[in-house]
Structure formats: C-alpha cells, structure tokens
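Below, each chain spelled out in residue letters.
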Amino acid sequence: MTKKQGWTPQQIKDISGKTYLITGANSGAGFQATRILIAKGAKVVMLNRNSTKSEAAIFEIKREFGHDANVSYINLDLADLNSVRQAAAEILEKVPQIDALICNGAIAQVAKQELTVDGFESQLGVNHYGHFLLSGLLFDRINASYGRIVVVASEGHKMGLRTIQFDDMNWDKSYHPNKVYSQSKLAQMMFAYELQDKVKATNNNVKVYVCHPGASNTSLINEKANFATRFSWGIMVKLGVAQTAEKGALPEVMCATQEDLKQRAYYGPTGFMNFGGPVGECELKAFVLDKPVLTKLWALSEKQTAFSWSL
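So, a few notes on the structure that sits alongside this text.

Basis of the calculations
- Residues numbered from 1 in each chain as written.
- Predicted model: local features only at pLDDT ≥ 70, side-chain atom pairs only at ≥ 80, totals over all residues.
- Heavy atoms only, no water.
- Helix = DSSP H or I, 4+ residues; strand = E, 2+ residues; numbered from the N terminus.
- Buried < 20%, exposed > 50% of the residue type's maximum accessible area, 1.4 Å probe, protein only.
- Contact = heavy atoms within 4.5 Å.
- Areas by Shrake-Rupley, 256 points an atom, 1.4 Å probe, with all protein chains shown as cover.
- Phe/Tyr/Trp six-rings, centres within 6.5 Å; stacked < 30°, edge-to-face > 60°.
- Polar contact = N/O pair within 3.5 Å; in protein donor to acceptor, adjacent residues only side chain to side chain.
- Pairing = 2+ DSSP bridges.
- Right-handed = clockwise from strand over helix to strand, strands pointing away.
- Expected span 1.5 Å × (residues − 1).
- Axes fitted to C-alpha atoms, helices over the stretch in contact; angles between N-to-C directions.
- Parallel < 35°, antiparallel > 145°, perpendicular 65-115°, else oblique.
- Nonpolar A, V, L, I, M, F, W, Y, C, P; charged D, E, K, R; others polar.
- 1 Å grid on protein atoms, 1.4 Å probe; cavity = no way out; pocket = protein on both sides within 12 Å on 5 of 7 lines; lining within 4 Å.
- Points joined across faces, edges and corners; volume = space filled by probe spheres on them.
- Core = buried A, V, L, I, M, F, W, Y, C linked by side-chain atoms within 4.5 Å.

**So, the overall build of the protein chain**
(1) Moving on: When helices and strands are tallied, the protein chain shows eight helices and eight strands.
(2) Moving on: In the protein chain, which comprises 311 residues, the proportion classed as buried is 54%.
(3) Moving on: At a minimum sequence separation of 6, the contacts of the protein chain that also span at least 24 residues come to 75%.
(4) Moving on: Counting only carbon and sulfur atoms, one obtains 52% of the accessible surface of the protein chain, whose full area is about 13,500 Å².

Next comes the structure, spelled out in structure tokens:
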C-alpha cells in the first residue's frame, strides 16, 4: 500500500466465492461497498431495515453488474434487539460462510433525545448495542470461516467526552446530539479493541478492524439533525470538502479484504483533518484504548443486550 496514493480497490485480490454481510447497505457508503465487492465477484448480503429501499438497491446492482450478481438482503433493524436476533437466526440458517461482517449502518446527530424500543438512547442503541449483539450472535460462524468483523467508526469519536458517560448512558440530564453521537462511535471502537483482546486471549480466528469514512456525502445527516448541523454540512458538500460516498466506502472494503493490515490500528482517509485523501492508517488516540473503560463497557453491553459472548 503506497502512502501517497493510499489503498484502492485495484489492490483487492481474488474474493470470488467470499461472502460479505453489510449493515445499512441500501444507500451511502454501505451501498458503494456492496458495489465494489460485487464488481470483484463476491457475494453480498445486505442487512437493512427498509425492504423497499433494499429491493431498489438490488435492482440497481443487477442493472449495473448483470442478473447473476450475487446480492440479497435480510431485514434487520439495529434499533430493535429482537429484530437483530431474528435477523441473526435467518443469517445462520441461510449463510453458511461469513468472510466479513461490516458494521456500517449508523444514525447521527439526532437533534432531540429519542429512545429505541429497548429503551436505549437511539444513537448508542443503533450504532453500538445493535452491532454488539449482531456480532456476538454471528461470532461462531465468522470464527469458523476465519472471517473478520469490521467496525465503521467516525472521526466524531474525538469530539465529545473522550470516554463513556456510565452514570447517564442515555444522556437524560444533558442531551447533546454531537456529544451523544461521539459517545456512540467511541463505544463501537472500544467494543472492537476489547474484542481483539478477547479473541487473542482465547486463540480464536476472527480478525477485528476499525475504520472511518472521512467526511462523506451520504444520507447520515438527515432531517433528524438540527438546522445548524444540516446547514453547515450542506456548506461542506457545496465547497467539495465532503468526498463521495464511494470514496467513503474504501476504508471498510479495505478492512474487509486486505491481507496485511494491523488490527490494533485505525484506518481511513489521511488527508486534511482526515476528511478525505489517500486511505491508510490514521492516528489511534490513547483514550480509545483505556482498558478499564473497555472492560466496563463490555460488561454493561452484555447486560443491556442480555447476551453473553462465548469468549
């Protein structure tokens, strides 16, 4: 991987016959990741909550790559742990091999506090708890395939408290859309690095990678964000600071396919403020690896999702 150019899909070796699962894959970076993997001959199972958008995405993929493109979807709503359990059961029934689970789906900048059906603050519930449970339910299948779990984080993890607010996880006292989003993304990263430690300690086969998409023009900032956030994001898009969704997909595809990557690392665009630029290794801040916080968050996540990992 040359530092100057960074990673590109041209570096993907033969992945025909491999199976990739991607959450939130019917639009944005998840859809573009699906396109790249299908173009290289892989099988992709999209995990989405909206069946109409999923059918439209599959139609688009087959229109571009031909009727034989091996793409399908399974209904999954990360905001509902029961839906995650049902989807995982369907995956285990239908998908014999998982070469990578890409935890791409996310919500961001929800202006006013919303709770999931399980009572979690929505950004933490969708971005962290939903993926924590899904990864746990599928772990043995991924492990048997010598597969990977790819966590798509965000540079936003640096913009909040830089730790987990354990005494008020739902931010009932001081809800702030950006700080809450930051905590949800930090939680995802901490989950990934703690999982690395647990995999290593138990001599399992799963590799875990963490990446970020940079500032990418996707549907992540939507009508649930406040006006100021939508306005400033619109300016970034118009000025060309935000890169395309396809470029935003490159780090997660790299982490799902590239052979020579470090696990204790953080990958993504390496240009100005990591908004865009060549895809490679970014600085991993020390607060993300605070072991007592990692351990405490893992225990809390098992309790909240009512799921104990077999590690």
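Having seen it, we continue.
**Details of the packing of aromatic side chains**
(1) Moving on: Evaluated as defined, the whole model comprises nine aromatic pairs.
(2) Moving on: Measuring from ring centre to ring centre gives 5.4 Å for F132 and F191, while their planes differ by 65°; the resulting arrangement is edge-to-face. Residue F132 is located in helix α4 (residues 122-144), and its partner F191 is located in helix α5 (residues 177-201); the two are separated by 59 residues in the primary sequence.
(3) Moving on: According to the relative accessible area criterion, F132 is buried, its value standing at 0%.
(4) Moving on: For F191, a relative accessible area of 3% corresponds to the buried category.

**Quick word on the side chain of R148**
(1) Moving on: Mapped onto the fold, R148 is located in strand β5 (residues 148-152).
(2) Moving on: Within the structure, the side chain of R148 is placed 2.9 Å from the backbone oxygen of C255, a separation counted as a polar contact.
(3) Moving on: Here Q258 takes part through its backbone oxygen, which lies 2.7 Å from a polar atom of the side chain of R148.

**Thoughts on the side chain of S54**
(1) Moving on: Following the sequence through the fold, S54 ends up in helix α2 (residues 51-65).
(2) Moving on: With sequence-adjacent residues up to four places away left out, S54 is seen in contact with N26, M46, N48 and Y73.

**Some remarks on the pairing of strand β3 (residues 71-75)**
(1) Moving on: Here five bridges tie strand β2 (residues 43-48) to β3, and the two strands are oriented parallel to one another. Opposite V44, over in β3, you have V71 as the bridge partner.
(2) Moving on: The parallel pair β2 and β3 is bridged by α2, and the resulting crossover is right-handed.

**A word on helix α1 (residues 28-39)**
(1) Moving on: Over its 12 residues, α1 extends 17 Å from the first C-alpha to the last, a length consistent with the 16 Å expected when each residue adds 1.5 Å.
(2) Moving on: Where α1 is concerned, the buried positions are G28, A29, G30, F31, Q32, A33, T34, R35, I36, L37 and I38.
(3) Moving on: On its buried side, α1 packs onto β1 (19-23), β2, α2, β3, β4 (100-103) and α7 (245-257).
(4) Moving on: Downstream of α1 by a residue or two, G41 has a phi angle that is positive, lying close to 90°.

**Focus on the packing of α5 against helix α8 (residues 291-305)**
(1) Moving on: Interaxial distance between α5 and α8 falls to 9 Å at its minimum, and their mutual angle equals 95°. In terms of their interaxial angle, α5 and α8 are classed as roughly perpendicular. From α5, A187, M190, F191, Y193, E194, L195, D197 and K198 reach across to α8, where they touch K291, V293, L294, T295, L297 and W298.
(2) Moving on: For the contact of α5 with α8, the per-class residue count stands at nine nonpolar, one polar and four charged.

**Here's the deal with the pairing of β2**
(1) Moving on: Most of β2 is tucked away: five of the six residues are buried.
(2) Moving on: Examined bridge by bridge, β1 and β2 share five bridges and lie parallel to one another. By the bridge assignment for β2, I22 is matched with M46.
(3) Moving on: Remark: the β1/α1/β2 crossover connection has right-handed handedness.

**Focus: the layout of surface pockets**
One water molecule sets the probe size; rolling that probe over the atoms shows where empty space is left.
(1) Moving on: By volume, the second largest pocket is sized at about 260 Å³.
(2) Moving on: The wall of the second largest pocket is formed by 17 residues, among which K18, R148, A256, T257 and E259 lie closest to the centre.
(3) Moving on: A breakdown of the residues in the lining of the second largest pocket according to their chemical character gives five nonpolar, five polar and seven charged.

**With respect to unusual backbone geometry**
(1) Moving on: At Y146, a residue that is not glycine, the phi angle is positive and equals roughly 50°.
(2) Moving on: One can find Y146 in the loop between α4 and β5.
(3) Moving on: Using a relative accessible area of 62% as the deciding quantity, one classes Y146 as exposed.
(4) Moving on: With phi around 55°, W171 is a residue other than glycine that occupies positive phi space.
(5) Moving on: Of note, W171 is situated in the loop between β5 and α5.

**Quick notes on the nonpolar core**
(1) Moving on: Of all hydrophobic cores here, the largest spans 60 residues; its most connected members are L21, L47, I91, L134, L138 and L195.
(2) Moving on: Among the elements that take part in this core, α5 stands out by supplying 10 residues, more than any other.
(3) Moving on: Listed in part, the 36 residues of the second largest apolar core include A57, A249, C255 and A256.

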